[in-house]
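Report on the structure
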Amino acid sequence: MPPQLSQRQKAAVIVRLLLAEGAPLPLLALPEDLQADLTQELSRLRLVDRDTMNQVVEEFAAELEGAGVAFPDGIYGALSMLDGHISAGAANRLRRMAAATGQGDAWDRIVGQDAKDLLPLLEQESIEVAAVLLSKLGVTKAAELLGRLPGERARRIAYAVSLTEDVDPETVRRIGLSLSGQLEARPPRAFRKTPVERVGAILNFAATDKREEVLQGLEETDADFAERVRKAIFTFPNIPDRVEARDISRVMRAVEQPQLVLALASAKGEDRIVADYILDNMSQRLAGTLREEMAELGTYREKDAEAARNAVIAAIRRLEADGEITLIYPEED
């Protein structure tokens, strides 16, 4: 071995050690020329003595510890980090420029899109292109999108995935550029959420009688929109159907106990089922404590009780937004 390893040789040593430990290495994210250089260095090295290996590891660890801040890789990573901090017009212009000049990997932009933004591409593109798109997505998002497609088209795309084994990387790259261009060509939206999501979020916290009054009016005007809003609404009676039993204890910790006691004690009629569902899916000791406080609760205003139930809903929404729980959503027709 030479007395002093080059930086590339040191990188090869680190990669070899990490592979030996079974650590996942996203080497595919590197440019292909760097992947080739790394492979060549690995092929040239034969034996590295333990002292040299330890010196390389210590140097690598020192560099990691000395790193102050890491910046995103490529224009798409930078735009993702700045999302919400720069105007939509500026972001779209930068994305179009990146797509036109081939900066970064267009697939990074595509796979980061919400399912609702990718669905039109699967509906409009050819079966072959849709199969490539589905293959590049994570399993969860791909399954969600496949479930939203009509049965016949979903079957054809699923079968087409089985024919993508021999698709060359350049074809996949070009497909990514084309799909990314379609995404960038869409006009910027003033609102991040769909009308259904926005109306549903507003009605979540409206008084029950007012919510029903608005929904009945929507059904008279646009029955399809009203139905989708009903599915988007999440209120206190929806808890047993939408919140997993195993998540109840986590939800309860996110609600202040006085509000929780009032929300459960004031549950009448169908809401009594909700209270029983919550109490049955927490520790017996805590459920016993809550039942005692509920029994001792004096008079209360219905306005305060509704505010307490809304506090439970708000806690569930926060936990869902933070990724700590996953709600069950009604299946699409």
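Residues numbered from 1 in each chain as written. Predicted model: local features only at pLDDT ≥ 70, side-chain atom pairs only at ≥ 80, totals over all residues. Heavy atoms only, no water.

As annotated in an unreviewed UniProt entry, the protein chain carries the name Flagellar motor switch protein FliG and is attributed to Halodurantibacterium flavum. Quoted verbatim from the Function (unreviewed entry) field of the UniProt record, the comment on the protein chain reads "FliG is one of three proteins (FliG, FliN, FliM) that forms the rotor-mounted switch complex (C ring), located at the base of the basal body. This complex interacts with the CheY and CheZ chemotaxis proteins, in addition to contacting components of the motor that determine the direction of flagellar rotation." Among the UniProt annotations of the protein chain, the heading Sequence similarities (unreviewed entry) holds the following wording: "Belongs to the FliG family." (UniProt positions renumbered as here; feature names shortened; annotations may be inferred.)

Looking only at helices and strands, one finds 20 helices and 0 strands in the protein chain. Taken over the C-alpha atoms alone, the protein chain extends approximately 85 × 50 × 40 Å along its principal axes. Across the 333 residues of the protein chain, 32% fall into the buried class. Taking contacts inside the protein chain between residues at least 6 apart in sequence as the whole, the part at least 24 apart equals 73%. Accessible area for the protein chain stands at about 21,100 Å²; split by element, carbon and sulfur atoms hold 53% of it. (Helix = DSSP H or I, 4+ residues; strand = E, 2+ residues; numbered from the N terminus. Buried < 20%, exposed > 50% of the residue type's maximum accessible area, 1.4 Å probe, protein only. Contact = heavy atoms within 4.5 Å. Areas by Shrake-Rupley, 256 points an atom, 1.4 Å probe, with all protein chains shown as cover.)

This paragraph deals with the side chain of R309. Along the polypeptide, R309 turns up in helix α20 (residues 302-321). The class for R309 is buried, based on a relative accessible area of 10%. Discounting chain neighbours no more than four positions away, the residues touching R309 are F236, A263, S266, D271 and E302.

Running from N to C, helix α12 (residues 195-204) and helix α13 (residues 208-221) cross one another at 150 degrees; their axes reach a closest spacing of 10 Å. In terms of axis orientation, α12 runs roughly antiparallel to α13. In the crossing of α12 with α13, the sense of the turn from one axis to the other is left-handed. Along the contact surface, α12 presents V199, L203 and N204, while α13 presents R211, V214, L215 and L218. Residues that form the contact of α12 with α13 fall into these classes: 5 nonpolar, 1 polar and 1 charged. (Axes fitted to C-alpha atoms, helices over the stretch in contact; angles between N-to-C directions. Parallel < 35°, antiparallel > 145°, perpendicular 65-115°, else oblique. Left-handed = near helix turned anticlockwise from the far one by under 90°. Nonpolar A, V, L, I, M, F, W, Y, C, P; charged D, E, K, R; others polar.)

Glancing now at the nonpolar core. Within the largest apolar cluster, 33 residues are counted, with the highest numbers of intra-cluster contacts made by F236, I239, V243, L264, I278 and I316. Secondary structure elements with two or more residues in this core: α16 (248-253), α17 (257-265), α18 (271-280), α19 (284-296) and α20. The biggest single contributor to this core is α20, with 7 residues. In this structure I316 touches F234, I239, V243, V251, I325 and L327, once residues within four positions along its chain are discounted. Counting residues in hydrophobic clusters, the runner-up holds 25 residues, among them L118, L119, A142 and L179. (Core = buried A, V, L, I, M, F, W, Y, C linked by side-chain atoms within 4.5 Å.)

All right, on to a nonpolar patch on the surface then. Judged by side-chain polarity, M81, L82, I86, L94 and M97 come together as a nonpolar surface patch covering roughly 410 Å² of accessible area. Looking at the element boundaries, M81 is found in helix α4 (residues 74-81). (Patch = residues over 30% accessible without salt bridge, like charges linked within 9 Å, V, L, I, M, F, W, Y side chains within 5 Å. Salt bridge = Lys/Arg side-chain N within 4 Å of Asp/Glu carboxyl O.)

Next up on the list: α18. One turn of the α-helix equals 3.6 residues, which is why residues spaced by three or four share an orientation. Taken together, the buried positions of α18 are occupied by D271, V274, A275, Y277, I278 and L279. On its buried side, α18 packs onto α15 (239-242), α16, α17, α19 and α20.

Once that is clear, we can look at the environment of P258. Within the secondary structure, P258 sits in helix α17. P258 gets classed as exposed once you look at its relative accessible area, which sits at 61%. In sequence terms P258 and E293 are 35 residues apart; their C-alpha atoms lie 9.0 Å from each other.

Our focus in this paragraph is the pattern of salt bridges. As enumerated under the stated definition, the model contains 18 salt bridges in all. Across the salt bridge formed by R155 and E152, the nearest N and O atoms sit 3.1 Å from each other. With R155 and E152 both in helix α10 (residues 151-161) and 3 residues apart, the pair spans about one turn of that helix. A salt bridge links R301 to D304, with the shortest nitrogen-to-oxygen separation between them at 3.1 Å. You can call R301 exposed: its relative accessible area is 54%. Salt bridges sharing partners connect three or more residues here, namely E170, R173 and R174.

Summarising burial for helix α8 (residues 127-136): 7 of the 10 residues are buried, a large majority. Among the residues making up α8, those that are buried are I127, V129, A130, A131, V132, L133 and L134.

This part is about the environment of E244. Within the secondary structure, E244 sits in the loop between α15 and α16. Sequence separation between E244 and A11 is 233 residues, and the spatial gap between their C-alpha atoms is 46 Å. Sequence-distant contacts of E244, defined by excluding residues within four places in its chain, comprise Y277, T326 and I328.

Between α17 and α19, the shortest axis-to-axis distance is 9 Å and the interhelical angle comes to 70 degrees. Taken together, the axes of α17 and α19 lie roughly perpendicular to each other. Of α19, the residues touching α17 (which contributes Q257, L260, V261, L264 and A265) are T289, L290, E293 and M294. When the residues that make up the contact of α17 with α19 are grouped by side-chain class, the tally is 6 nonpolar, 2 polar and 1 charged.

Before going further, it helps to spend a moment on the environment of N92. Inspection of the secondary structure assignment puts N92 in helix α5 (residues 88-101). Judged by its relative accessible area of 11%, N92 falls in the buried class. Along the chain, N92 and L183 lie 91 residues apart, while their C-alpha atoms are 9.4 Å from each other.

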